[in-house]
Amino acid sequence: MKVDGKHIRSIWLEPDGVTVGAIDQRRLPHEFVVARLATCADAAEAIRSMLVRGAPLIGATAAYGMALAMREDGSDAALDRAYATLIATRPTAINLKWALDAMHAVLRPLAPAERVAAAYARAGAIAEDDIAINQGIAHNGLALIEMIKACKKPGERVNVLTHCNAGWLATVDWGTATAPIYLAHDNGIDLHVWVDETRPRNQGASLTAWELGHHGVPHTVIPDNTGGHLMQHGMVDLCIVGTDRVTADGDVCNKIGTYLKALAARDNGVPFYVALPSPTIDFTIRDGILEIPIEQREASEVTHMTGRTDDGRIETVRVVPAGSPVANYGFDVTPSRLVTGLITERGVLKAERGALAAAFPERVVRRQDALRA
Ligand code: MRU
């Protein structure tokens, strides 16, 4: 999408055809800094440190990480090492495993000398596919927004609430939750986005607000606990969030706090949609609460906050008393019963097994096969 009128993606292959460029998301919204990833270790560290983040972008970065690894050493041992290093970076977003498996499936049968070119080609295709998928999500989600506008709000502004950053920064381009928002805005629909700040790392306040602002989409940042109040007062027409993993039965794992928004939406009759690319579906599991590993992150994300002072310095300050214990769960699971629909590249689906399996039959795996793999 656009930054200051210029089109930019979150990740790209540099003109040297080898190194990978990525926006350093740890520096936003205060500084726009581009990082260069030159080794598999660089890619792994970029994911681990959240220089890049968001499920689809984590997958694309891991794919390029495999390509960088093959450049260093194309052997079977190096392939296995790269897979092991990259898969260990973050536990919750399934796109990481999906991308690594896709790379492995292409590379393993090849001779080591053939692997570098094939790896860059497959990684590039994963990045391009992500954009095409998100454009599909944009069109399918746009139809929903148009319907809500026509039925509930003719002539009035549509208010969308989103949580965390499921925008173009979390993908290669367009975003998932934001894809229908950008398309609606570009098509002239009067729409406004409530942006949850998304403590503790503030992906909403720092990233979603930055993206929407640079693209010119009207938005307002709200503290995380404001959504319920807005819904009670008819100030939210629909919620659209992203996700890091959706189970075969339609349970949705996303940034911590998503579940509470889904509860508030249900209590107030507000439609709660989840936008996802098909690589985010994990057909090997059914119960998200029991089966999805939830990342626990360091206490410093909660105890400290970083921001820009009025005189322009970037500073980190403590906001929790020294010595108070902290819990920092990165994600939660919204049961499928609270989800109005899943906005995918193949249509808006019911959050249930039959609908997901019918839309993506090629992705369905038998549980026994998954356990054996
Ligand atoms: O911990 P993060 O910043 O990687 O978590 C990101 C989210 O939860 C996103 O909302 C999710 O990955 C959806 S991405 C399109």
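The shown structure was predicted, so the numbers you read here are calculated from the model rather than taken from an experiment.

Asker: What am I meant to see in the domain arrangement of the protein here?
Answerer: Interfaces are often sized by the amount of accessible area the parts lose when they come together. Annotation of the protein at the domain level lists domain 1 (2–128) and domain 2 (136–372). Using C-alpha coordinates to define each centre, domain 1 is positioned 23 Å away from domain 2. The interface of domain 1 with domain 2 comprises 32 residues on the first partner and 36 residues on the second. Carbon and sulfur atoms make up 58% of the area that domain 1 and domain 2 hide from each other, which totals about 2,900 Å². A salt bridge links Arg90 to Glu295, with the nearest nitrogen and oxygen atoms 2.8 Å apart. For the interface between domain 1 and domain 2, the tally reads 14 residue pairs in polar contact (both at pLDDT 80 or more). Going through the elements one at a time, strand E1 (2–3), helix H2 (55–72) and helix H4 (95–107) are the ones with two or more residues in the side of domain 1 that touches domain 2.

Asker: Looking at this structure, I do not really get the pairing of strand E12 (residues 272–275). What am I missing?
Answerer: Along any regular strand, the residues point their side chains to alternate faces of the sheet. Here E12 shows no split at all, with Phe272 and Val274 on one side and Tyr273 and Ala275 on the other all buried. Bridging between strand E9 (residues 238–241) and E12 involves three bridges; their strand directions are parallel. Its bridge partner lying in E12, Val241 is registered against Val274. In this sheet, strand E17 (residues 341–344) lies alongside E12 in parallel orientation, the contact comprising three bridges. Paired with Tyr273 across the two strands is Gly341, which belongs to E17.

Asker: Please explain the packing of aromatic side chains as it appears in this structure.
Answerer: The relative placement of two aromatic rings is captured by the distance of their centres and the angle of their planes. In the structure shown here, the tally under the stated rule is two aromatic pairs. Considering the side-chain rings of Phe32 and Trp210, the 6.1 Å spacing of their centres and the 20° angle between planes classify their relative orientation as stacked. Within this pair, whereas Phe32 is found in the loop between strand E4 (20–23) and strand E5 (34–37), its partner Trp210 is found in helix H7 (residues 203–215), the two being separated by 178 residues in sequence. Relative accessible area serves as the criterion here: at 39%, Phe32 is assigned to the partly exposed category. When the ring of Trp168 is compared with that of Trp210, the centres are 6.2 Å apart and the planes differ by 45°; the resulting orientation is tilted.

Asker: Sorry, what's going on with the side chain of Asp196 here?
Answerer: Its place among the elements puts Asp196 in strand E7 (residues 191–196). Engagement of the side chain of Asp196 in a polar contact is seen with the side chain of Lys261, the distance being 2.8 Å. When sequence neighbours within four positions are dropped, the list of residues in contact with Asp196 reads Leu161, Thr162, His163, Cys164, Gly204, Ala205, Ile222, Asp224 and Lys261.

Asker: Would you mind going over the packing of helix H5 (residues 115–152) against helix H6 (residues 178–186) with me for this structure?
Answerer: In the contact formed by H5 and H6, the axes pass within 7 Å of each other and the chain directions differ by 65°. Put simply, H5 runs roughly perpendicular to H6. Our pair here, H5 against H6, has a crossing hand that is right-handed. Where H5 approaches H6, its residues Asn134, Ile137, Ala138, His139, Gly141, Leu142 and Ile145 are matched on the opposing element by Ala179, Pro180, Ile181, Leu183 and Ala184. Along the lines of polarity and charge, the residues of the contact of H5 with H6 split into nine nonpolar, three polar and no charged.

Asker: Can you help me understand the site of the ligand in this one?
Answerer: Residues in close proximity to the ligand total 18 residues, the closest being Arg53, Arg90, Gln203, Asp244 and Lys255. In this structure, Arg53 approaches the ligand through a side-chain N or O atom, which is 2.9 Å from an oxygen atom. Residue Gln203 places a side-chain N or O atom 2.8 Å away from an oxygen atom belonging to the ligand. Elements represented by at least two residues in the shell around the ligand include exactly H2 and strand E11 (252–255). The residue makeup of the shell around the ligand, split by class, is seven nonpolar, seven polar and four charged. Both of domain 1 (2–128) and domain 2 (136–372) provide at least three residues apiece to the shell around the ligand.

Rules used in this analysis
Residues numbered from 1 in each chain as written. Predicted model: local features only at pLDDT ≥ 70, side-chain atom pairs only at ≥ 80, totals over all residues. Heavy atoms only, no water. Domains from an automatic or database assignment. Contact = heavy atoms within 4.5 Å. Buried area = accessible area lost by both parts, 1.4 Å probe. Salt bridge = Lys/Arg side-chain N within 4 Å of Asp/Glu carboxyl O. Polar contact = N/O pair within 3.5 Å; in protein donor to acceptor, adjacent residues only side chain to side chain. Helix = DSSP H or I, 4+ residues; strand = E, 2+ residues; numbered from the N terminus. Buried < 20%, exposed > 50% of the residue type's maximum accessible area, 1.4 Å probe, protein only. Pairing = 2+ DSSP bridges. Phe/Tyr/Trp six-rings, centres within 6.5 Å; stacked < 30°, edge-to-face > 60°. Axes fitted to C-alpha atoms, helices over the stretch in contact; angles between N-to-C directions. Parallel < 35°, antiparallel > 145°, perpendicular 65-115°, else oblique. Left-handed = near helix turned anticlockwise from the far one by under 90°. Nonpolar A, V, L, I, M, F, W, Y, C, P; charged D, E, K, R; others polar. Near = heavy atom within 4 Å.

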